[in-house]
Amino acid sequence: MRSGMPEEEMERAGEAVTDRILSSRSYEDVRFLYCYVSYGSEVDTRRLIEESLKRGKRVAVPRVRGRHRMDFCFIRSMADLSPGYKGIPEPGPWCRKAPVPFEETLVIVPGIAFDRSGGRIGYGGGYYDTYLAGKTKCIKAAAAYSMQITEQIPTEPSDVKMDLIITEKELIVCSQDCREIR
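Residues numbered from 1 in each chain as written. Predicted model: local features only at pLDDT ≥ 70, side-chain atom pairs only at ≥ 80, totals over all residues. Heavy atoms only, no water.

Draft legend 1. Up close: the nonpolar core. One finds Ile21, Tyr34, Phe72, Leu106, Ile108 and Ile165 to be the most contacted residues of the largest nonpolar core, which totals 53 residues. What Ile165 contacts, discounting residues up to four positions off in sequence, is Phe114, Asp115, Gly118, Ala142, Ala144, Ile149, Glu170, Leu171, Ile172 and Cys174. (Core = buried A, V, L, I, M, F, W, Y, C linked by side-chain atoms within 4.5 Å. Buried < 20%, exposed > 50% of the residue type's maximum accessible area, 1.4 Å probe, protein only. Contact = heavy atoms within 4.5 Å.)

Following this line, the structure appears as structure tokens:
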């Protein structure tokens, strides 16, 4: 369904998701943004990344380092990116590895589908679940189109739940501990 969206609709919805993230308390309260670099029909994160850099936030994006493993690395601009795993833009080898996400970190996560309790279906590689396992102090947020929200996602104990889901239509608070509601 996502890939079938008309390009203009996808752009409008993506801009609305970005605007909603940029105006959220969860975004405003952090100094670090760990964010996927959009690829294909995912919600476009390029403006979010560029705006965050302009606002002085430390921005890190993922670099795959093996099966089910990735690190986030700091970038200074979009020029630090080049095609990596499966052609997805990744930070160059000169980009320094970011620390484990902590209280002042918002992590923006991609996915195929989400439910209102924070359940997520990713792309099957387990990269984000592995990376985020046990990292409870950061805010984990999904950037998604409203069409990606479904009734219930079957989850397993190893699946990491989202604290927030941000769509073009709403900001869904999935965790009672989320700063967005404080």
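Draft legend 2. Highlighting the sheet that holds strand 1 (residues 32–35). Strand order across the open sheet formed by seven strands is 3-2-1-6-9-11-12, with mixed pairing between neighbours. With one partner strand each, in any of the chains shown, strand 3 (69–75) and strand 12 (171–173) form the two edges of the open sheet. Neighbour-to-neighbour, the strand axes of the sheet open up by a mean angle of 25 degrees, direction not taken into account. Direction of pairing for strand 11 (residues 164–166) relative to strand 12: antiparallel, over a ladder of three bridges. By the bridge assignment, Ile166 is partnered in strand 12 with Leu171. Here helix 1 (residues 7–22) sits on the sheet in contact with strand 6 (105–109), strand 9 (139–143), strand 11 and strand 12, set at roughly 135 degrees to strand 11. (Pairing = 2+ DSSP bridges. Helix = DSSP H or I, 4+ residues; strand = E, 2+ residues; numbered from the N terminus. Axes fitted to C-alpha atoms, helices over the stretch in contact; angles between N-to-C directions.)

Draft legend 3. Expanded view of the environment of Pro62. One can find Pro62 in strand 2 (residues 58–66). When the C-alpha atoms of Pro62 and Tyr34 are compared, they prove to be 7.9 Å apart, with 28 residues separating the residues in sequence. Here Pro62 is in contact with Cys35, Tyr36, Met70, Asp71, Phe72, Pro89, Glu90, Pro91 and Tyr128, once residues within four sequence places are set aside.

Draft legend 4. Structural context of the pairing of strand 6. Along strand 6, five of the five residues are buried, which leaves the element largely enclosed by surrounding structure. Alternating positions in strand 6 separate into two faces, Thr105, Val107 and Val109 on one and Leu106 and Ile108 on the other, with burial throughout. With four bridges joining them, strand 1 and strand 6 adopt parallel strand pairing. Directly across from Leu33, in strand 6, lies its bridge partner Leu106. Pairing of strand 6 with strand 9, which is carried by four bridges, proceeds in the parallel orientation. The residue bridging Leu106 from the neighbouring strand is Ile139, located in strand 9.

Draft legend 5. Inspection of the packing of aromatic side chains at higher detail. Counted under the stated rule, the structure contains six aromatic pairs. Seen in terms of ring centroids, Phe32 and Phe74 are 6.2 Å apart; in terms of plane orientation they differ by 40 degrees. Their pairing is tilted. Pair noted here: Phe32 is in strand 1 and Phe74 is in strand 3, with a separation of 42 residues, a long-range link. In this pair, the class of Phe32 matches that of Phe74, namely buried. Between Lys57 and the ring centre of Tyr27, over which it is positioned, the NZ or CZ distance is 4.5 Å. In this structure, Lys135 is placed above the aromatic ring of Tyr131, and the distance from its NZ or CZ to the ring centre is 5.0 Å. (Phe/Tyr/Trp six-rings, centres within 6.5 Å; stacked < 30°, edge-to-face > 60°. Lys NZ or Arg CZ within 6 Å of the ring centre and 35° of its normal.)

Draft legend 6. Region of the structure containing the layout of surface pockets. What the largest pocket holds in volume is close to 610 Å³. Looking at the largest pocket, it is lined by 26 residues, and the ones nearest its centre are Ile88, Pro110, Tyr123, Tyr127 and Tyr128. Listed by contribution, the elements that provide at least two residues to the lining of the largest pocket are strand 2, strand 5 (89–91), strand 8 (120–121) and helix 4 (127–132). For the lining of the largest pocket, the residue count by class is 15 nonpolar, four polar and seven charged. (1 Å grid on protein atoms, 1.4 Å probe; cavity = no way out; pocket = protein on both sides within 12 Å on 5 of 7 lines; lining within 4 Å. Points joined across faces, edges and corners; volume = space filled by probe spheres on them. Nonpolar A, V, L, I, M, F, W, Y, C, P; charged D, E, K, R; others polar.)

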